[in-house]
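Chain by chain, the residues run as shown.
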Amino acid sequence: MKKYLAPFRNKYILALCLFTVYNLFLDEVDIFTIINQNKKLSELRSAQSEMNLKLKDTKYILSQIKDPSYLEKLAREDKLFKKDNEDIFVITYK
């Protein structure tokens, strides 16, 4: 047991070990906080890429809405709008 504790009798090595333990586990920005922040950052980046794709789709739809025939197609297919003398049957597949 004494041979394992012999290096810790040197005050510089002891100070270095205490400093390392403090920084890794006890400090405000410890290793666990850094890992959690990196995980959140990667989740936010993936959410940002998904939002960019949705934004591109929305911009494309907005540019196409200026055409009245596309506007009617969008209203009938996506929003299920109908004219007064029509009936709509929605068929879903499982």
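If you're wondering where the values come from, they're calculated on a predicted model, not measured in any experiment.

1. Thoughts on the pattern of salt bridges
Logical step 1: Scanning the entire structure with this criterion turns up two salt bridges.
Logical step 2: With its nearest N and O atoms 3.2 Å apart, the salt bridge here joins E72 to R76. Here E72 and its partner R76 are both found in helix α4 (residues 68-77), four residues apart, which amounts to about one turn of the helix.
Logical step 3: On the basis of relative accessibility, which here comes to 40%, the residue E72 falls in the partly exposed class.
Logical step 4: In this structure, R76 and E86 form a salt bridge, with 2.9 Å as the shortest nitrogen-oxygen distance.

2. Section: a nonpolar patch on the surface
Logical step 1: Nonpolar side chains collect at one region of the surface, where V21, Y22, L24, F25, L26, I31, F32 and I35 lie side by side and expose about 760 Å² of accessible area between them.
Logical step 2: Taken together, the elements giving at least two residues each to the nonpolar patch come down to α2 (11-26) and α3 (31-64).
Logical step 3: One can find Y22 in helix α2.
Logical step 4: For Y22, a relative accessible area of 42% gives the class partly exposed.

3. Considering the confidence of the model for the chain
Logical step 1: Summarising the model, the chain shows a mean pLDDT of 88, and 100% of its residues fall at 70 or more.
Logical step 2: For the chain, helix α1 (residues 2-5) is the element with the lowest average pLDDT, namely 78, and α3 is the one with the highest, namely 95.

4. Looking at the environment of N23
Logical step 1: Mapped onto the elements of the fold, N23 is located in helix α2.
Logical step 2: Its relative accessible area of 27% is what places N23 among the partly exposed residues.
Logical step 3: Look past the residues within four positions of N23 in its chain and what remains in contact with it is V29 and D30.

Parameters at a glance
Residues numbered from 1 in each chain as written. Predicted model: local features only at pLDDT ≥ 70, side-chain atom pairs only at ≥ 80, totals over all residues. Heavy atoms only, no water. Salt bridge = Lys/Arg side-chain N within 4 Å of Asp/Glu carboxyl O. Helix = DSSP H or I, 4+ residues; strand = E, 2+ residues; numbered from the N terminus. Buried < 20%, exposed > 50% of the residue type's maximum accessible area, 1.4 Å probe, protein only. Patch = residues over 30% accessible without salt bridge, like charges linked within 9 Å, V, L, I, M, F, W, Y side chains within 5 Å. Areas by Shrake-Rupley, 256 points an atom, 1.4 Å probe, with all protein chains shown as cover. pLDDT = per-residue confidence, 0-100. Contact = heavy atoms within 4.5 Å.

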